[in-house]
Amino acid sequence: TDGGGGIRLLDGTCVMNGSNINNNTATYNGGGIYVSNPSLSSLSVSNSSFISNKATGNRGGGIAVTFGTEQQNLHLEVTSCRFEGNTAPDTDGRGGAIYLQTSNASSHIVNSLFYNNSSGEYGGAVSLNSTGIITLTNLTFYSNSTVAEGGAIYGQFNDYTVNNSVFYNNTHTG
């Protein structure tokens, strides 16, 4: 599929708990989950695993949220999740585990593990390209990699805070 190898979300509110989003592939964005519509106001994922998902063409091996200027105020909450072996391998690939592009939104990623995720350009684990406020708390980034910048996290146009997190053995090869 072009977007959302596992799940494609278009509108409403989505709450996921205790789910396994594993071994999915999208030819463009969001190997596991792809959110791309201004009508979706909230995505909350907890106690879930994203393992070996792939966005072959571009962004977000595990989760991709791609909104333009008209898509505002989306709330993304990721809590107690495991992201392992997800990839966005294209030469423009961003966010091996999570790619977030929103306007004026609040997002929180809490108590989660990012292990062995990779991207072809920016953010081996997470790529943040948003004008909203992003909080990252109690995270572990271990052995994530990218070609260009941000072996663990790449941030652009953001106000983001990282609290009580561990970064170990993350690399960029460019």
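Quick look at the structure, then. It should be emphasised that the depicted structure is a prediction, and the values quoted were computed from it without experimental measurement. (Residues numbered from 1 in each chain as written. Predicted model: local features only at pLDDT ≥ 70, side-chain atom pairs only at ≥ 80, totals over all residues. Heavy atoms only, no water.)

## Focus: the overall build of the protein chain
Next up, step 1: Summing up its helical and strand segments, the protein chain has 0 helices and 22 strands in all.
Next up, step 2: Over its C-alpha atoms, taken along the principal directions, the protein chain stretches across nearly 40 × 35 × 30 Å.
Next up, step 3: For the protein chain, with 174 residues in total, the buried portion stands at 53%.
Next up, step 4: Considering only residue pairs separated by 6 or more positions, the protein chain has 86% of its internal contacts joining residues 24 or more positions apart.
Next up, step 5: Charge-centre separation for the protein chain: the mean point of 5 positive side chains lies 7 Å from the mean point of 10 negative side chains. (Helix = DSSP H or I, 4+ residues; strand = E, 2+ residues; numbered from the N terminus. Buried < 20%, exposed > 50% of the residue type's maximum accessible area, 1.4 Å probe, protein only. Contact = heavy atoms within 4.5 Å. Lys, Arg positive; Asp, Glu negative; His and termini not counted. Charge placed at Lys NZ, Arg CZ, Asp CG, Glu CD.)

## Some words on the environment of Ser 130
Next up, step 1: Along the chain, the position of Ser 130 falls in the loop between strand 15 (126–129) and strand 16 (133–137).
Next up, step 2: A C-alpha to C-alpha distance of 4.8 Å links Ser 130 and Thr 102, two positions 28 residues apart in sequence.

## Considering the nonpolar core
Next up, step 1: Membership of the largest hydrophobic core comes to 31 residues, with the highest contact counts inside it found for Phe 83 and Phe 114.
Next up, step 2: Going through the elements one at a time, strand 1 (7–17), strand 4 (33–46), strand 7 (63–66), strand 8 (75–79), strand 11 (98–101), strand 15 and strand 16 are the ones with two or more residues in this core.
Next up, step 3: If sequence neighbours within four positions are ignored, Phe 114 has contacts with Phe 83, Ala 97, Ile 98, Ile 109, Ala 125, Val 126, Leu 139, Thr 140, Phe 141, Tyr 142 and Asn 144. (Core = buried A, V, L, I, M, F, W, Y, C linked by side-chain atoms within 4.5 Å.)

## A closer look at the side chain of Ser 143
Next up, step 1: Structurally, Ser 143 is set in the loop between strand 17 (140–142) and strand 18 (145–146).
Next up, step 2: Judged by its relative accessible area of 18%, Ser 143 is buried.
Next up, step 3: Once residues within four sequence positions are removed from consideration, Ser 143 is found in contact with Tyr 115, Asn 116, Asn 117, Tyr 168, Asn 169 and Asn 170.

## Thoughts on the sheet that holds strand 2 (residues 20–22)
Next up, step 1: In space, the 6 strands of this open sheet follow the order 2-5-9-13-17-21, with parallel pairing throughout. The open sheet has two edge strands, strand 2 and strand 21 (166–168), and neither has a second partner. Across the sheet, the axes of successive neighbouring strands diverge by a mean angle of 5 degrees, strand direction being ignored. (Pairing = 2+ DSSP bridges. Axes fitted to C-alpha atoms, helices over the stretch in contact; angles between N-to-C directions.)

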